[in-house]
Amino acid sequence: MQAPMGRSDLVHAGWIRERNARAFCEIVASLVRYDFDDLDWQAVEAALPHTDDEREAGWYGYPLVGEVTRLDLRLARAVGGAVVSVEVRGVVDEVLRGQVELACDVAAAYDLRPRQ
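Read on for an overview of the structure. (Residues numbered from 1 in each chain as written. Predicted model: local features only at pLDDT ≥ 70, side-chain atom pairs only at ≥ 80, totals over all residues. Heavy atoms only, no water.)

## Overview of the overall build of the chain
Here comes step 1: Regarding its fold elements, the chain presents 3 helices and 4 strands.
Here comes step 2: Starting at the N terminus and walking to the C terminus, you meet the elements of the chain as β-α-α-β-β-β-α.
Here comes step 3: Over its C-alpha atoms the chain spans a radius of gyration of 13 Å, differing by no more than 12% from the 13 Å that the globule rule assigns to 116 residues.
Here comes step 4: When its C-alpha atoms are laid out on the principal axes, the chain stretches across 35 × 35 × 25 Å.
Here comes step 5: Scored against the burial criterion, the 116 residues of the chain give a buried share of 37%.
Here comes step 6: Pairs at least 24 apart in sequence give 62% of the contacts found in the chain among residues at least 6 apart. (Helix = DSSP H or I, 4+ residues; strand = E, 2+ residues; numbered from the N terminus. Rg over C-alpha atoms; globule rule 2.2 N^0.38 Å. Buried < 20%, exposed > 50% of the residue type's maximum accessible area, 1.4 Å probe, protein only. Contact = heavy atoms within 4.5 Å.)

Pasting the structure below:
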């Protein structure tokens, strides 16, 4: 699916706690039924230290091509902080948009831990 002409494909932009980056990626991936695994995380984790949200070229992009749709994650560390700025792009309905927004809000407000 492509965004209609003249319309942004920005689903949500915000920030998350850096320690929640993997959980956020996994949650967003699950929303489109993409199996985000250790190799996916290694790619994101390796790129994050070299990002800078104050430079357009300082962002890292990662595609999540799922069964439902494709979402493109853009992530960049905030200079001098322990947060990661995030953008999620794609063509989505209002339900998926709300789910992505909620995932970002939760990853910003809480400390997420993996299942044991």
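## Examining the sheet that holds strand S1 (residues 10–17)
Here comes step 1: Sheet architecture is open: 4 strands sit in the order S1-S4-S3-S2, paired in antiparallel fashion. Strands with a single pairing partner mark the edges of an open sheet, and in this sheet they are S1 and strand S2 (60–65). In this sheet, adjacent strand axes meet at a mean angle of 20° when their direction is disregarded.
Here comes step 2: Summarising the sheet, S1 and strand S4 (residues 83–90) pair through 7 bridges and their orientation is antiparallel. Looking at S4, one finds that Gly14 is bridged to Val86.
Here comes step 3: Strands S1, strand S3 (70–77) and S4 of the sheet are contacted by helix H3 (residues 94–109), whose axis makes an angle of about 15° with S1. (Pairing = 2+ DSSP bridges. Axes fitted to C-alpha atoms, helices over the stretch in contact; angles between N-to-C directions.)

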